[in-house]
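Examining the three-dimensional arrangement
Residue-level listing of the chains:
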Amino acid sequence: IKSYRAIQQAQEFEWGVTKEVRIRNGVMIFFLLNIALGVIGTFWFRNQTRRSEIGLRMAMGSSHRQIQNQYLIEALLILTLATIPAVFVNIVILQADLIKTLGQEVTDNGYITANKWLRFVITNGMTYILLAVIVAFSAWIPARQASKVHPVEALRDE
């Protein structure tokens, strides 16, 4: 006879999913959702203030796809510009050895954590790609709505 707690611990160990992993995943999803809502709100506000520009572009012959692409490129450019100082801050943190890693305790173990620069490039690259997907999707929603506005209505608001 085994206790329920022992069965649960054995299952968590076998699957590799512990309470700590679930909490971290939940917090990560919460923050990504907040980022997405912030980007949607920002671009929704920008669309409302630039309605006349959108109407003029559509009246001059821009397609719905061109309007959407303009907003997506703008969102990714803003993300890239915000990433540059963040990478410099990450480099300072990395150089100061403020993050304790497995590489400091065990050398030549073959893990990515042993090579701090490789880990730095991989984690920052994955973070940028994940944020780029979130930002692109979050900017696409208001851009799609903005491109559906009839040019006459948008120019009339001017």
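Figured I'd write up the structure that's included with this text. (Residues numbered from 1 in each chain as written. Predicted model: local features only at pLDDT ≥ 70, side-chain atom pairs only at ≥ 80, totals over all residues. Heavy atoms only, no water.)

**Comments concerning the packing of helix 3 (residues 51-59) against helix 4 (residues 64-95)**
Our working rule: Axis lines are fitted through C-alpha atoms, for helices just across the contact stretch, and the angle between N-to-C directions can take any value from 0 to 180 degrees. Helix and strand assignments follow DSSP, with helices taken as H or I runs no shorter than four residues and strands as E runs no shorter than two, numbered in order from the N terminus. Our angle categories are set so that under 35 degrees counts as roughly parallel, over 145 as roughly antiparallel, 65 to 115 as roughly perpendicular, and the remainder as oblique. Crossings are classed by handedness, with left-handed meaning an anticlockwise turn of the near helix from the far one by less than a right angle and right-handed meaning a clockwise turn. Two residues form a contact once any of their heavy atoms are found within 4.5 Å. Throughout, the ten residues Ala, Val, Leu, Ile, Met, Phe, Trp, Tyr, Cys and Pro are labelled nonpolar, Asp, Glu, Lys and Arg are labelled charged, and all others, Gly among them, are labelled polar.
Between helix 3 and helix 4, the least distance of the axes is 10 Å, while the angle of their chain directions is 140°. Considering the angle they form, helix 3 stands oblique to helix 4. Like other packed secondary-structure pairs, helix 3 and helix 4 cross with a definite hand, here right-handed. Contact with helix 3, carried on its side by Glu 53, Ile 54, Arg 57 and Met 58, involves His 64, Gln 66, Ile 67, Gln 70 and Tyr 71 of helix 4 and no other residues of that element. Its residues assigned to classes, the contact of helix 3 with helix 4 comprises four nonpolar, three polar and two charged.

**Points about the pattern of salt bridges**
As a reminder of what qualifies: Any carboxyl oxygen of Asp or Glu that lies within 4 Å of a side-chain nitrogen of Lys or Arg is treated as forming a salt bridge with it. Under the scheme applied here, a residue whose accessible area is under 20% of the maximum for its type counts as buried, over 50% as exposed, and between as partly exposed, the area being computed with a 1.4 Å probe on protein chains only.
Applying the stated criterion across every chain yields a total of three salt bridges. Arg 46 is the salt-bridge partner of Glu 74, the closest N and O atoms lying 2.0 Å from each other. In this pair, Glu 74 sits in helix 4 while Arg 46 sits in helix 2 (residues 19-49), placing the two residues 28 residues apart along the sequence. Overall, Glu 74 belongs to the buried group, its relative accessible area being 15%. Note that Glu 74 and Arg 50 form a salt bridge whose closest N and O atoms lie 3.1 Å from each other.

**Some words on the packing of helix 2 against helix 6 (residues 116-147)**
The description of two packed helices rests on the angle between their axes and on the distance between the axes. Here helix 2 crosses helix 6 at 35°, and the two axes come no closer than 8 Å. Between helix 2 and helix 6 lies a crossing of right-handed hand. Between helix 2 and helix 6, the contacting residues are Leu 32, Ile 35, Ala 36, Val 39, Ile 40, Phe 43, Trp 44 and Asn 47 on the first element and Leu 130, Leu 131, Ile 134, Val 135, Ser 138, Ala 139, Ile 141, Pro 142, Ala 143, Gln 145 and Ala 146 on the second. Residues of the contact of helix 2 with helix 6, tallied by class, amount to 16 nonpolar, three polar and no charged.

**Quick notes on helix 4**
Rule in force here: Multiplying 1.5 Å by the helix residue count minus one yields the expected span of that helix.
With 32 residues, helix 4 extends 47 Å from end C-alpha to end C-alpha; this agrees with the ideal 46 Å at 1.5 Å per step. Taken together, the buried positions of helix 4 are Ile 67, Gln 68, Gln 70, Tyr 71, Leu 72, Glu 74, Ala 75, Leu 79 and Leu 94. Note on helix 4: the residue one or two positions beyond its end, Asp 97, has a positive phi of about 55°.

**Side note on the packing of aromatic side chains**
This is how it is decided: Classification of ring pairs rests on two measures: the distance between centres of Phe, Tyr or Trp rings, Trp counted by its six-membered ring, which must be within 6.5 Å, and the angle between planes, read as stacked under 30 degrees, edge-to-face over 60 and tilted in between.
According to the stated counting rule, one finds four aromatic pairs in the structure shown. Here Trp 117 and Phe 120 contribute two aromatic rings whose centre-to-centre distance is 5.7 Å and whose plane-to-plane angle is 75°, an arrangement assigned as edge-to-face. On the criterion of helical spacing, the pair formed by Trp 117 and Phe 120 is a turn pair, its members being three residues apart in helix 6. A relative accessible area of 36% means that Trp 117 is categorised as partly exposed.

**A short note on the side chain of Asn 124**
Using the following cut-off: Pairs of N or O atoms within 3.5 Å make up the polar contacts considered here, provided that, within protein, one atom can donate a hydrogen while the other can accept it, and that residues adjacent in sequence are counted only when both atoms are side-chain atoms.
Relative to the assigned elements, Asn 124 resides in helix 6. One polar contact links Asn 124 to Asn 90, side chain to side chain, over a distance of 2.8 Å. A distance of 2.8 Å separates the side chain of Asn 124 from the backbone oxygen of Phe 120, its partner in a polar contact. Those residues in contact with Asn 124, other than ones at most four positions away along the chain, are Val 87 and Asn 90.

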